Amino acid sequence: MYLSKETKAEIFAKHGGKAENTGSAEGQIALFTFRINHLTGHLKANRHDYNTERSLVKLVGKRRSLLDYLKKKDINRYREIIKELNIRK
């Protein structure tokens, strides 16, 4: 599988503060970004995989909701995470 426990722990440790801090907005946004990048690569090779395309759109929406929440709560954390993950807004 492309997303192992170790990979998740590494993502949350880097962006969420600690590996156990899976509820932080930054950690979840980083995890969604990792998954979005993986699905984007898959869809480039498999253009007619519509189920994966739908999953990708749902993930982008979830990430957008979290980013909107973070922007409303703390603009500095928002700016930092979009710069760190190279998310365009």
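Please read all numbers here as calculations on a predicted model, not as lab measurements. (Residues numbered from 1 in each chain as written. Predicted model: local features only at pLDDT ≥ 70, side-chain atom pairs only at ≥ 80, totals over all residues. Heavy atoms only, no water.)

This brings us to helix α3 (residues 50-73). The α-helix advances 3.6 residues per turn, and as a result positions three or four apart in sequence lie on the same side. For α3, with 24 residues, the first-to-last C-alpha span of 35 Å sits near the 34 Å given by 1.5 Å per residue. By the burial criterion, the buried members of α3 are Thr52, Leu56, Leu59, Arg63, Leu66, Leu67 and Leu70. In this structure, the buried side of α3 is in contact with α2 (25-45) and α4 (75-85). (Helix = DSSP H or I, 4+ residues; strand = E, 2+ residues; numbered from the N terminus. Expected span 1.5 Å × (residues − 1). Buried < 20%, exposed > 50% of the residue type's maximum accessible area, 1.4 Å probe, protein only. Contact = heavy atoms within 4.5 Å.)

Another point: the layout of surface pockets. Quantified by volume, the largest pocket comes out at close to 220 Å³. Lining of the largest pocket is provided by Thr33, Ile36, Asn37, Thr40, Val60, Arg63, Arg64, Leu67, Leu85, Asn86, Ile87 and Arg88. Broken down by secondary-structure element, the contributors of at least two residues to the lining of the largest pocket are α2 and α3. A per-class count over the lining of the largest pocket returns five nonpolar, four polar and three charged. (1 Å grid on protein atoms, 1.4 Å probe; cavity = no way out; pocket = protein on both sides within 12 Å on 5 of 7 lines; lining within 4 Å. Points joined across faces, edges and corners; volume = space filled by probe spheres on them. Nonpolar A, V, L, I, M, F, W, Y, C, P; charged D, E, K, R; others polar.)

Let us look at the pattern of salt bridges. Taken as a whole and assessed by the stated rule, the structure comprises two salt bridges. For glutamate 26, the salt bridge is made with arginine 77, and the minimal N-O distance between the two is 2.5 Å. Within this pair, whereas glutamate 26 is found in helix α2, its partner arginine 77 is found in helix α4, the two being separated by 51 residues in sequence. Judged by its relative accessible area of 13%, glutamate 26 is buried. A salt bridge links aspartate 68 to arginine 64; the shortest N-O distance between them is 3.3 Å. In this pair, aspartate 68 and arginine 64 both sit in helix α3, four residues apart, roughly one turn of the helix. The class for arginine 64 is partly exposed, based on a relative accessible area of 24%. (Salt bridge = Lys/Arg side-chain N within 4 Å of Asp/Glu carboxyl O.)

This part covers the environment of lysine 83. Mapping lysine 83 onto the fold places it in helix α4. C-alpha separation for the pair lysine 83 and phenylalanine 12, spaced 71 residues apart in sequence, amounts to 17 Å.

Turning to the environment of alanine 9, a few remarks are in order. By secondary structure assignment, the location of alanine 9 is in helix α1 (residues 5-15). When the C-alpha positions of alanine 9 and tyrosine 69 are compared, they lie 23 Å apart, and in sequence the two are 60 residues distant.

To continue, consider the nonpolar core. Counting 21 residues, the largest nonpolar core has Ile29, Leu67, Leu70, Ile81, Ile82, Leu85 and Ile87 as its most contacted members. Mapped onto this core, the elements with two or more residues apiece are α1, α2, α3 and α4. Aside from chain neighbours lying at most four places away, what touches isoleucine 87 is Ile29, Thr33, Arg63, Leu67 and Ile82. (Core = buried A, V, L, I, M, F, W, Y, C linked by side-chain atoms within 4.5 Å.)

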